[in-house]
Amino acid sequence: MTERKPAGVSFETWVDRQIREAEQRGAFADLPGAGKPIPGLDRPYDAMWWIKAKMEREGLSALPPSLTLRKAAEDAREEALNARSEAEARRVLTEINVRIREALAMPPEGPPLNLEPFDIDAVVAEWHTRRSRR
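Scope of this entry: the structure provided in the associated data block. Note that the structure is predicted; figures quoted are calculated from it, not measured.

Here's the deal with the nonpolar core
- Judged by nonpolar contacts, the single largest core of 20 residues is most densely connected at Ile 96 and Phe 118.
- Looking at this core, the elements that each hand over two or more residues are α3 (65-81), α4 (86-105) and α5 (120-133).
- Here Ile 96 is in contact with Leu 69, Ala 72, Ala 73, Ala 76 and Phe 118, once residues within four sequence places are set aside.

Examining the layout of surface pockets
- Here the largest pocket is characterised by a volume of approximately 410 Å³.
- Around the largest pocket sit Ile 38, Pro 39, Gly 40, Arg 43, Pro 44, Tyr 45, Asp 46, Trp 49, Lys 52 and Ala 53, which together line it.
- Tallied by class, residues from the lining of the largest pocket come to six nonpolar, one polar and three charged.

Side note on the packing of α3 against α4
- Two elements in contact, α3 and α4, have axes separated by 9 Å at closest approach and are oriented at 165°. By the angle between their axes, α3 is roughly antiparallel relative to α4. Crossing angle aside, the handedness with which α3 passes α4 is left-handed. Each of Leu 69, Ala 72, Ala 73, Ala 76, Arg 77, Glu 79 and Ala 80 in α3 lies in contact with α4, whose residues at this interface are Ala 89, Arg 91, Val 92, Leu 93, Ile 96, Arg 99, Ile 100 and Ala 103.
- The residue makeup of the contact of α3 with α4, split by class, is eleven nonpolar, no polar and four charged.

Some remarks on the pattern of salt bridges
- Across all of its chains, the model carries nine salt bridges by this definition.
- Glu 95 is the partner of Arg 91 in a salt bridge, and the nearest nitrogen-oxygen pair spans 3.1 Å. Within this pair, Arg 91 and its partner Glu 95 are both found in helix α4, separated by four residues, close to a single helical turn.
- By relative accessible area, Arg 91 is classed as partly exposed at 39%.
- Residues joined in a network through salt bridges with shared partners are Glu 86, Arg 90 and Asp 121.

What counts and how
Residues numbered from 1 in each chain as written. Predicted model: local features only at pLDDT ≥ 70, side-chain atom pairs only at ≥ 80, totals over all residues. Heavy atoms only, no water. Core = buried A, V, L, I, M, F, W, Y, C linked by side-chain atoms within 4.5 Å. Buried < 20%, exposed > 50% of the residue type's maximum accessible area, 1.4 Å probe, protein only. Helix = DSSP H or I, 4+ residues; strand = E, 2+ residues; numbered from the N terminus. Contact = heavy atoms within 4.5 Å. 1 Å grid on protein atoms, 1.4 Å probe; cavity = no way out; pocket = protein on both sides within 12 Å on 5 of 7 lines; lining within 4 Å. Points joined across faces, edges and corners; volume = space filled by probe spheres on them. Nonpolar A, V, L, I, M, F, W, Y, C, P; charged D, E, K, R; others polar. Axes fitted to C-alpha atoms, helices over the stretch in contact; angles between N-to-C directions. Parallel < 35°, antiparallel > 145°, perpendicular 65-115°, else oblique. Left-handed = near helix turned anticlockwise from the far one by under 90°. Salt bridge = Lys/Arg side-chain N within 4 Å of Asp/Glu carboxyl O.

Rendered as structure tokens:
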């Protein structure tokens, strides 16, 4: 749309005509998300929404890698304790232990890691205790 607004035509009328003509040409057909609800419409407005969405798409984090791993370890422990089976709990803990060992061998940027690999048997024992209380 490089055409200039003609003199004597109101801006609103000119814009409406541009939209109508584009619609007739099919310029709005097959747009991504057509017919789908607008994501996040039910959440309160956040001025940084586009930055957060971009970071999520790119797999970026605002935290330094050491803090990201600490958070991942905390989440993994909680996930293991809420696992449906002992095998699932062990799998979750084994996966995070691999990441922790790699980080201990080559420390990531940021504050000190202050993590050790989980004692899988101790966490699984806690998992059994929680299960028996239910």
